[in-house]
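In case you want the letters, here they are:
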Amino acid sequence: MDRSPQFARFGARTATLLDQWQQQNHRPLTAPAWLDTGGSGASLASVFVRDSDPGRTTRRMIIKLCSPDGDSSMEPGRLIAARRSLPNGDPSFPRDHLVEQLYDPMPVGDAWLMFQGFAGNDESMVTLSTILRQRRMPGAAAQITRSLLADWNPDEKSDGEMTAAAFVSELLDQRLEPAEPLAVWVRDTLGLDLETAWIRPGRANAAPLPNPVHLTGSCPLAERTLDYPMRGRAHGDLHPGNIMVPKEPDADLGRYVLIDLSRFDERALLARDPMHLLLCLVADFLPHMSDDARAELLDLLVGRDTPGLLIPQGLARTVDEVRRAPDGWLHQRTISGQWTGQWLLSMQACALMFTARVRYDARDRWWFFRLAAEAAGAYLGPADAYEPGQVKFVPGPREAEPTVVEAVVVAAAKLPQQVAPPAVKPETKPAPDPVRIPVPAPAPTPIRESVASAPEASGESLPDTAPESAAEELPDTLPALLIDLRNTFTDRLGELREYEAGSVSARTLGLVREQTDRGQADLKALLTSRRDTLGEEARDRLDAVLGRLAHVAEAANAPGLSYEQPLYLRDLAHRTLVVALDTLLGSTREAALGLQAGQATDPIRPEGARTPSG
C-alpha cells in the first residue's frame, strides 16, 4: 500500500524512502502529526510506530529530517557520540537523560532522516518551559544544573590555561563576525565600535566597564589568564524547550531528558550550559519587570549586594539556587576557586548571545548588553583595580519610561480638549470595530480605559504630538487602540497561563484568532489613513506591533495545538503562543509610550491601575 502521501511534507524523495522503510522493516507508521519548527530548516513529524520485532511495542516516535546545513547535519553523529560518552564508564546518564535513537538514521541526499524517542516512552513528559510559573521551577533548574555537572561530568578535564578573552571568544564562536546580528546591532544601534576598549553604559557618570564585545588585541580581558578552564560534556543549546520533565508537580525531577543534541561537545567549556539555561529563565521574566527591578536583577546576577525587593520571588530563588547548585561538585575539586571567574565570563558570553537575538525588543537586548559589560567588569574586579584609558559613553537605544500603557490615558485626562471627530478621507474605509469592551463614562478620577472610551464616545481627544497642532497630526484613536489591544491580550495571556500544558480550549484559541485578526485590521486601517502624519519612529513602532500580531496569529493557528497531537508537541505549541503574546504586549507598550513621548513627562498613575510586575 502506498503510504508516501501522508509524509509528503518531507518531500517526494523522503516520503518514498519512508514508504520503503515501513514495508521492508514491517514497521507501519500511523497518525503523523507535524510540528512547525519556525524556519530552522528541519522538518519534524510525530508518529506511532508498530514494531514487529520481539520485545518492542507500539510507541510514539519522532521522525526528524535534519537540515543539510550547519549543526543539524551533524546531529545523528553527535547524538551517537553523546550516548557513547560514558561518565567514568557508567551508562546510566545517557540511558536516563538523553533522547534515544530508536533506529539507524537514513541518508537523504546531504541530509539525514532520524528516528528518535524518549526514555521510557513517557507521554506525560512536558518541556521545562511549561513549569516556568510553578512553585517547583527554582528547584527543577537547580537539580538539572547539579546533575549536568555532577552526574554527566564527574570526570571533568582541562586543555590548559587560556586568556579570559579567548574563553569568551570560544563561547561566542562566529557571533562577532561583522555581518552577524550581534555585531550589526552593536555597531548600528549602539553606535559602538567593536574595538573600543572601555565604555560607560547607560549613564555618563557610570563606572567604566570593559566593552564586552572587544575581545581582540590588547583588550582588558586578554590580560587575565584562566589556569584551569573546566571542560566536559555539554548539550550546547540548553534552554527550557530542550529539556523534558515530568508533568506531575510532585514527580521526581531527576527524571529529566535532554533533546536535540545537535551541538553536543565532549570537551566544551562547562560553565556555558547552566548559564545559558539560567538566562533563558531570566529572559522569560524580563518583559514584566520595571527598570528598577531590572537594575536589582543585574546586581544579583553579577554577585553584588542588593535588597532584591523588586525582583519576582520565584526568579530570585531560581538565580540563587542555580548559582549554588554546583557547590557539591566543586567541593570535591581542589581547583574549585576557578569556577567563579568562569561563571562570570560565561555570563558575559551568554548575555551577548541574547543581545544578538532579534526576537527580543531593544529594551531587553540593551539590558543583556549591560549585563555582559557588568559581568566582564565583575570578573576584572573593582573599578579602582584598573586604570582604563579613554572611555566612551554608550547611552543605548531609547528605553521605555514607565512600563504601563495606562500612562497614555492619564495624559489624555490631564489635557482634555473638545474636538469634532476627524473626517474620513474619501479613499479610506473606516477602521473595523475591534473586540470592544463597553465601559462606563469617564469618571473624574482617571481609570484604565479600553478603546470603547475613545474620543468618539467620550467627547475628549488624546493630546497631539504638539499641543498647538491640529488633531489630524496624531491620530487620537491610536493610543486608545493600543491600550485596547494590551488589555484584551493581557486577558488572553492570563487565560493561557491557567491551562495545563497543551490543554488550551477551543474557545480561548478562537478568541485569540478573532481578536488578532480584528486588531490587525484596525491598526492597518489607521496606519494607511494616517501614515504620512506620523514620524518615522512612531511608524516603526506601530509596524512592529503589526508584526507581533501576525506572529500571534501564526502561533494560534499552529498544528501543534490540535488535541490529535501528542502532549509534548501540544506543550511546545502552547508555550510558543504564550511567548508570542508576551512579546506582543511588550511591543504595544513600547509603541504607546513612543506616542506619549513629549506629551506627558511625568504621568501620574491612575487609581486602580495595576503596578508593573517585579
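Scroll up to find the structure.
Residues numbered from 1 in each chain as written. Predicted model: local features only at pLDDT ≥ 70, side-chain atom pairs only at ≥ 80, totals over all residues. Heavy atoms only, no water.

Caption draft 1: Structural detail: the nonpolar core. Ranked by internal contacts, the top residues of the largest apolar core, which has 108 residues, are Leu221, Leu279, Leu297, Leu301, Phe369 and Leu371. Looking at which element gives the most residues to this core, the answer is helix 11 (residues 339-355), with 11 residues. In contact with Leu371, not counting residues within four places along its chain, are Leu279, Leu298, Leu301, Val302, Met347 and Ala351. Membership of the second largest hydrophobic core comes to 33 residues, among which are Leu481, Leu523, Leu526 and Leu585. (Core = buried A, V, L, I, M, F, W, Y, C linked by side-chain atoms within 4.5 Å. Buried < 20%, exposed > 50% of the residue type's maximum accessible area, 1.4 Å probe, protein only. Helix = DSSP H or I, 4+ residues; strand = E, 2+ residues; numbered from the N terminus. Contact = heavy atoms within 4.5 Å.)

Caption draft 2: Fine view of the packing of helix 4 (residues 137-150) against helix 9 (residues 313-324). Relative to each other, helix 4 and helix 9 sit at 20°, their axes nearing to 8 Å. Comparing their axes, helix 9 and helix 4 come out roughly parallel. Seen from above, helix 4 lies across helix 9 with right-handed handedness. Together, Met137, Pro138, Gly139, Ala141, Ala142 and Thr145 of helix 4 and Gly314, Arg317, Thr318, Glu321 and Val322 of helix 9 make up the contact between the two elements. In terms of residue class, the contact of helix 4 with helix 9 is made up of five nonpolar, four polar and two charged. (Axes fitted to C-alpha atoms, helices over the stretch in contact; angles between N-to-C directions. Parallel < 35°, antiparallel > 145°, perpendicular 65-115°, else oblique. Left-handed = near helix turned anticlockwise from the far one by under 90°. Nonpolar A, V, L, I, M, F, W, Y, C, P; charged D, E, K, R; others polar.)

Caption draft 3: Inspection of the side chain of Arg231 at higher detail. Position of Arg231 relative to the elements: it lies in strand 11 (residues 231-234). The class for Arg231 is buried, based on a relative accessible area of 7%. Reaching out from Arg231, the side chain makes a polar contact with the side chain of Glu170 at a distance of 2.8 Å. Discounting residues that sit within four places of it in the chain, Arg231 has contacts with Glu156, Lys157, Asp159, Met162, Glu170, Arg267, Ala268, Leu269 and Leu270. (Polar contact = N/O pair within 3.5 Å; in protein donor to acceptor, adjacent residues only side chain to side chain.)

Caption draft 4: Region of interest: the pairing of strand 5 (residues 111-117). Among the seven residues of strand 5, six are classified as buried, and the element is accordingly described as predominantly covered. Both strand 3 (residues 59-65) and strand 5 contribute to a ladder of four bridges, which runs antiparallel. Each bridged residue has a counterpart across the sheet, and for Ile63 the counterpart in strand 5 is Phe115. Bridge count between strand 4 (residues 100-108) and strand 5: six bridges; the pairing is antiparallel. Residue pairing across strands places Pro107 opposite Trp112, the latter belonging to strand 5. Once strand 4 ends, the chain turns through two residues before running back antiparallel as strand 5, passing Gly109 with a positive phi of about 65°. (Pairing = 2+ DSSP bridges.)

Caption draft 5: Region of the structure containing the sheet that holds strand 13 (residues 257-258). The strand order across the open sheet built from three strands is 6-12-13, with neighbouring strands paired in antiparallel fashion. Looking at which strands have only one partner, the edges of the open sheet turn out to be strand 6 (125-127) and strand 13. Where strand 12 (residues 243-246) lies against strand 13, two bridges are found, and the strand directions are antiparallel. Opposite Ile243, over in strand 13, you have Leu258 as the bridge partner.

Caption draft 6: Representation of the packing of helix 4 against helix 7 (residues 272-285). Orientation of helix 4 relative to helix 7, taken along the N-to-C sense of each, is 165°, at an axis distance of 10 Å. Relative to helix 7, the element helix 4 is oriented roughly antiparallel. Handedness of the helix 4/helix 7 crossing: right-handed. Contact with helix 4, carried on its side by Met137, Ala141, Ile144 and Thr145, involves Pro274, Leu277 and Leu281 of helix 7 and no other residues of that element. Its residues assigned to classes, the contact of helix 4 with helix 7 shows six nonpolar, one polar and no charged.

Caption draft 7: Layout of unusual backbone geometry. A positive phi angle, close to 50°, is found at Asn88, a residue other than glycine. Considering the arrangement of structural elements, one finds Asn88 in the loop between helix 2 (75-84) and helix 3 (92-97). A positive phi angle, near 60°, is found at Asp260, a position not held by glycine. As for its placement among the helices and strands, Asp260 is situated in the loop between strand 13 and strand 14 (265-269).

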